[in-house]
Amino acid sequence: RVDTDGYSEILYTSEMGKGISPRWKDFDVEIQKLKSPFLDNSRVVLEVFHQSKFSREPTFIGMQAIDVDQLIESQSLSKFKILNKAKRQKQRRYQNSGEIHPVLVHHILEPSFTDYLKGKARVKTMVALDFTVDNGEIDQPNSLHYQAGSAYCNEYELAMAHLLDMLVHYNTERLISGYGFGAKISATSKTSHCFPLTGKEGDPFVQGFEGLKLAYRKAGSKITLSSPRYLNAVISSAINYAREASRGNNLDYVLLLVFINGPNKDTRECIRTLQKIKQLPLMIRFIGVGVPSTSNFEAMDLSCLHKHNEIGGVQYAKYVNFSDFDHNMPAFRREVLSDIPAA
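Residues numbered from 1 in each chain as written. Predicted model: local features only at pLDDT ≥ 70, side-chain atom pairs only at ≥ 80, totals over all residues. Heavy atoms only, no water.

**Student:** Explain the packing of aromatic side chains residue by residue, including any values.
**Tutor:** Each aromatic ring pair is characterised by the separation of its centres together with the angle its planes make. As enumerated under the stated definition, the model contains seven aromatic pairs in all. Arranged with centres 6.0 Å apart and planes meeting at 35°, the rings of Phe131 and Phe195 form a pair that is tilted. Residue Phe131 is found in the loop between strand E6 (123-130) and helix H5 (155-167), and its partner Phe195 is found in strand E9 (residues 195-196); the two are separated by 64 residues along the sequence. The exposure classification of Phe131 matches that of Phe195, with both residues buried. Among the aromatic residues, those joined into a ring-pair cluster are Phe131, Phe195 and Tyr216. (Phe/Tyr/Trp six-rings, centres within 6.5 Å; stacked < 30°, edge-to-face > 60°. Helix = DSSP H or I, 4+ residues; strand = E, 2+ residues; numbered from the N terminus. Buried < 20%, exposed > 50% of the residue type's maximum accessible area, 1.4 Å probe, protein only.)

**Student:** An account of the packing of H5 against helix H10 (residues 329-336) is needed here, citing residue identities and associated values.
**Tutor:** For the pair H5 and H10, interaxial distance at closest approach is 10 Å and the crossing angle is 70°. As far as their axial angle goes, H10 and H5 are roughly perpendicular. Where H5 crosses over H10, the handedness of that crossing is right-handed. Contact residues: H5 offers Ala159, His162 and Leu163, while H10 offers Met329, Phe332, Arg333 and Val336. Residues of the contact of H5 with H10, tallied by class, amount to five nonpolar, one polar and one charged. (Axes fitted to C-alpha atoms, helices over the stretch in contact; angles between N-to-C directions. Parallel < 35°, antiparallel > 145°, perpendicular 65-115°, else oblique. Left-handed = near helix turned anticlockwise from the far one by under 90°. Contact = heavy atoms within 4.5 Å. Nonpolar A, V, L, I, M, F, W, Y, C, P; charged D, E, K, R; others polar.)

**Student:** Pulling in residues and values, what's your account of a nonpolar patch on the surface?
**Tutor:** Residues Phe49, Phe60 and Met63 make up a contiguous nonpolar surface patch of about 240 Å² in total accessible area. Relative to the assigned elements, Phe60 resides in strand E3 (residues 59-67). (Patch = residues over 30% accessible without salt bridge, like charges linked within 9 Å, V, L, I, M, F, W, Y side chains within 5 Å. Areas by Shrake-Rupley, 256 points an atom, 1.4 Å probe, with all protein chains shown as cover. Salt bridge = Lys/Arg side-chain N within 4 Å of Asp/Glu carboxyl O.)

**Student:** An account of the environment of Asp252 is needed here, citing residue identities and associated values.
**Tutor:** Here Asp252 is to be found in the loop between helix H7 (232-245) and strand E12 (253-260). When the C-alpha atoms of Asp252 and Asn171 are compared, they prove to be 9.4 Å apart, with 81 residues separating the residues in sequence. A polar contact is formed between the side chain of Asp252 and the side chain of Lys124, at a distance of 3.4 Å. (Polar contact = N/O pair within 3.5 Å; in protein donor to acceptor, adjacent residues only side chain to side chain.)

**Student:** Tell me about the layout of surface pockets, residues and numbers included.
**Tutor:** Computed from the structure, the second largest pocket encloses a volume of approximately 280 Å³. Residue lining of the second largest pocket: 15 residues in total, with Pro196, Leu197, Thr198, Gly199 and Ala219 positioned closest to the centre. Counting only elements with at least two residues in the lining of the second largest pocket, the list comes to E9 and helix H6 (208-220). Sort the elements by how many residues they give to the lining of the second largest pocket and H6 lands first, with five residues. (1 Å grid on protein atoms, 1.4 Å probe; cavity = no way out; pocket = protein on both sides within 12 Å on 5 of 7 lines; lining within 4 Å. Points joined across faces, edges and corners; volume = space filled by probe spheres on them.)

**Student:** Lay out helix H8 (residues 267-274) in plain terms, naming residues and giving numbers.
**Tutor:** For H8, the full list of buried residues reads Thr267, Cys270, Ile271, Thr273 and Leu274. Angularly, the buried residues of H8 cover 165° about the axis, an arc narrow enough to put them on a single face. Away from the buried face of H8 by more than 90 degrees, exposed residues Arg268 and Arg272 are located. (Arc of directions from axis to C-beta.)

**Student:** Any chance you could break down the pattern of salt bridges for me, citing the residues and the numbers?
**Tutor:** With the rule as written, the count across this model stands at five salt bridges. Between Asp252 and Lys124 there is a salt bridge, with its nearest N and O atoms 3.4 Å apart. In this pair, Asp252 sits in the loop between H7 and E12 while Lys124 sits in strand E6, placing the two residues 128 residues apart along the sequence. Just as Asp252 is buried, Lys124 falls in that class too. Of the charged contacts in the structure, one is a salt bridge between Arg229 and Asp130, with a shortest N-O distance of 2.6 Å. Taken together, the residues Arg229 in the loop between strand E11 (224-225) and H7 and Asp130 in strand E6 connect sequence positions 99 residues apart. What makes Asp130 buried here is its relative accessible area of 0%. Because the salt bridges share partners, they merge into one network encompassing Asp130, Asp134 and Arg229.

**Student:** How would you explain unusual backbone geometry if you had to name every residue and give the values?
**Tutor:** In the segment running from Ser227 into Pro228, the intervening peptide bond is cis, with an omega of 0°. Mapped onto the elements, Pro228 comes out in the loop between E11 and H7. Phi is positive for Arg174, which is not a glycine, with a value near 60°. Taking relative accessible area as the criterion, Arg174 reaches 40% and is therefore assigned partly exposed.

**Student:** A description of the packing of H7 against H8 should follow, citing residues and the corresponding values.
**Tutor:** Two elements in contact, H7 and H8, have axes whose closest approach is 9 Å; the angle formed by their N-to-C orientations is 10°. In terms of orientation, H7 and H8 fall into the roughly parallel class. Side by side, H7 and H8 meet where Asn232, Ile235, Ser236 and Ile239 of the first sit next to Glu269, Cys270, Thr273 and Leu274 of the second. Looking at the contact of H7 with H8 residue by residue, the class counts come to four nonpolar, three polar and one charged.

Functional significance is not addressed by these values, which are geometric in nature.
Here is the structure:
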């Protein structure tokens, strides 16, 4: 892309074509990358090179500039000529270095989180809580899951309350699906990496924060904290939930809130799974509770390739550390729910 202010950026590099009339593979480029949000006009410049097996460096063949607005509005383009200015200056009879024949230009609309809300979509909130042994045994006062009287809220409950009290207004039924991970749900079972807090397979739903708090405390009294800390099962479950939400004429959007105490052990698997978010009505927020290491989450943010880059940017997978906000809850909500109006 080349902007009128001189800014340029390489958006795509194709595979090597075969023969003297190559046909290259189809490819996708986000419109937000094609077009500057700050300028009225942007251009994409197509450059063609020849790679000889006898040379390491490719030889420049020619180029052509295309107006981005014209590209977006058209369903197909007529052929256009590839020009080499250096050859034109040296050779009187030079006309062009070849022609490119675009087959199809297809514009696919992918709504943002805000677009769904403007369309009166329901936000389906999915909560997943870290029950790995690093949190400390639940019956110990220094545990992040410590449960005292009904008026007491531990750090997990505080972080949940400040987000869920607002999110339920985007769902008329006030329903939240609650899950846990990193615990044994019975004395003889293996570590479960995604289990419903209600204890009912296929029915993880509770009403509002109070309903979730009740299910969370009941689950905490029955399970055994375990390890390792894996997230892939939770993320995969959210993706399946989002697929169901996007069927037919539904305007539902899924928001997964993962409350977690430290880095996960399955980052590579999570990165591959996160790349499936593309074109799904799904946003994921990892909320650090305690003092977690963020290195793994930063890797997942960078590897989650699908980002809807409006002005201000929207990351579909993002890490936020609850303790960084030092009880400034409005700032915490804004950081986590920056795409929800009035957050």
